[in-house]
Amino acid sequence: MLIIADLLSTIMQSILVGYIPYYCLKRDKLGKKEANILKLIFSTILIFISVEYLTIKIGATSLAAITMNIMNILIIGCFYFKVYNKAIISYSLIYFIFQIVATIFSNIHWSYIQGLISIENAELSTIIVMYIPMYIVQLCIFISKDKIYKVYKFISRKKYSFEILLLVIFSFDCILCLSFLIHGNDNPFFKNIFIMTLIIFVVIVSI
């Protein structure tokens, strides 16, 4: 049951990650309609494949969370390379929402719910506490795509918006990864890699 819930969430996220940049750029009248539709289809498929591959190879770890984000950015950036900054700004907005929801509800589950339930009900509690809120948020994003576009237009006009959004989403990646570490839900090998990555990230930001 948990596998099905995770697969459904991955499919929905992949569609949204591919669709929102397409939608925002379409509203901006950037690119040809037919070409953008093909970019939407193939970027969504590639994002889904990359997420599934990383999940199988690395699992639900801190390293996977960061790697998936980087892969998403690379895929979106490659498909919309002529307007990569606008495409990645629109992607960053929904990814930021995903991060907030994942961080809040994963901490609720690990800190408060996990210790109160039996092993038999562990999967059901995970679905209720972590996956259902994400389904609701994903649906709200699709319904509210016009509002997201307005936020995208507002942010994209600001100086250094591209750089600031990248910094924000990678900072939230670090927060989510710290949750993995704090609650002991990470592989020791990936913990060490994350710590080294975090140090490099802090050094780069400080320069």
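The secondary structure content of the chain amounts to eight helices and zero strands. Seen in sequence order, the chain has helices and strands lined up from the N terminus as α-α-α-α-α-α-α-α. At a minimum sequence separation of 6, the contacts of the chain that also span at least 24 residues come to 82%. Summed over all atoms, the accessible surface of the chain reaches about 11700 Å², with 74% contributed by carbon and sulfur.

The next point concerns the packing of helix H1 (residues 2-27) against helix H6 (residues 145-156). It is at 10 Å that the axes of H1 and H6 come closest, and there the two elements cross at 70°. As far as their axial angle goes, H6 and H1 are roughly perpendicular. Crossing of H1 against H6: the hand is right-handed. From H1, Tyr19, Ile20, Tyr23, Cys24, Leu25 and Arg27 reach across to H6, where they touch Lys145, Asp146, Ile148, Tyr149 and Tyr152. Of the residues assigned to the contact of H1 with H6, the class counts are eight nonpolar, no polar and three charged.

Right, let's talk about unusual backbone geometry for a bit. For residues other than glycine, phi is negative in most cases, and the peptide bonds are mostly trans. Even without being glycine, Lys29 reaches a positive phi, approximately 60°. Relative to the helices and strands, Lys29 resides in the loop between H1 and helix H2 (33-58). We note that Tyr160 has phi near 65°; this positive angle belongs to a residue other than glycine. Look at Tyr160 and you get exposed, because its relative accessible area is 52%.

Note on aromatic pairs: each is described by the distance of the centres and the angle between the planes. All told, the structure shown has eight aromatic pairs when counted by the stated rule. On the basis of an interplanar angle of 25° and a centroid distance of 5.8 Å, the ring pair of Tyr19 and Tyr23 is categorised as stacked. One end of the pair is Tyr19 and the other is Tyr23, both in helix H1 and four residues apart, which spans about a single turn. Here Tyr19 matches Tyr23 in class, with each residue buried. Ring pairing ties together the aromatic residues Tyr19, Tyr22, Tyr23, Phe142, Tyr149 and Tyr152, which thus form one cluster.

This part takes up the pattern of salt bridges. Tallied over the entire structure, the rule returns two salt bridges. Asp146 is the partner of Arg27 in a salt bridge, and the nearest nitrogen-oxygen pair spans 3.1 Å. Of the two residues, Arg27 sits in helix H1 while Asp146 sits in helix H6, which places them 119 residues apart along the sequence. Assessed through its relative accessible area of 36%, Arg27 is described here as partly exposed. Salt-bridge contacts for Lys153 lead to Asp28; the nearest nitrogen and oxygen are separated by 3.2 Å. Residue Lys153 is found in helix H6, and its partner Asp28 is found in the loop between H1 and H2; the two are separated by 125 residues along the sequence.

Conventions and cut-offs
- Residues numbered from 1 in each chain as written.
- Predicted model: local features only at pLDDT ≥ 70, side-chain atom pairs only at ≥ 80, totals over all residues.
- Heavy atoms only, no water.
- Helix = DSSP H or I, 4+ residues; strand = E, 2+ residues; numbered from the N terminus.
- Contact = heavy atoms within 4.5 Å.
- Areas by Shrake-Rupley, 256 points an atom, 1.4 Å probe, with all protein chains shown as cover.
- Axes fitted to C-alpha atoms, helices over the stretch in contact; angles between N-to-C directions.
- Parallel < 35°, antiparallel > 145°, perpendicular 65-115°, else oblique.
- Left-handed = near helix turned anticlockwise from the far one by under 90°.
- Nonpolar A, V, L, I, M, F, W, Y, C, P; charged D, E, K, R; others polar.
- Buried < 20%, exposed > 50% of the residue type's maximum accessible area, 1.4 Å probe, protein only.
- Phe/Tyr/Trp six-rings, centres within 6.5 Å; stacked < 30°, edge-to-face > 60°.
- Salt bridge = Lys/Arg side-chain N within 4 Å of Asp/Glu carboxyl O.

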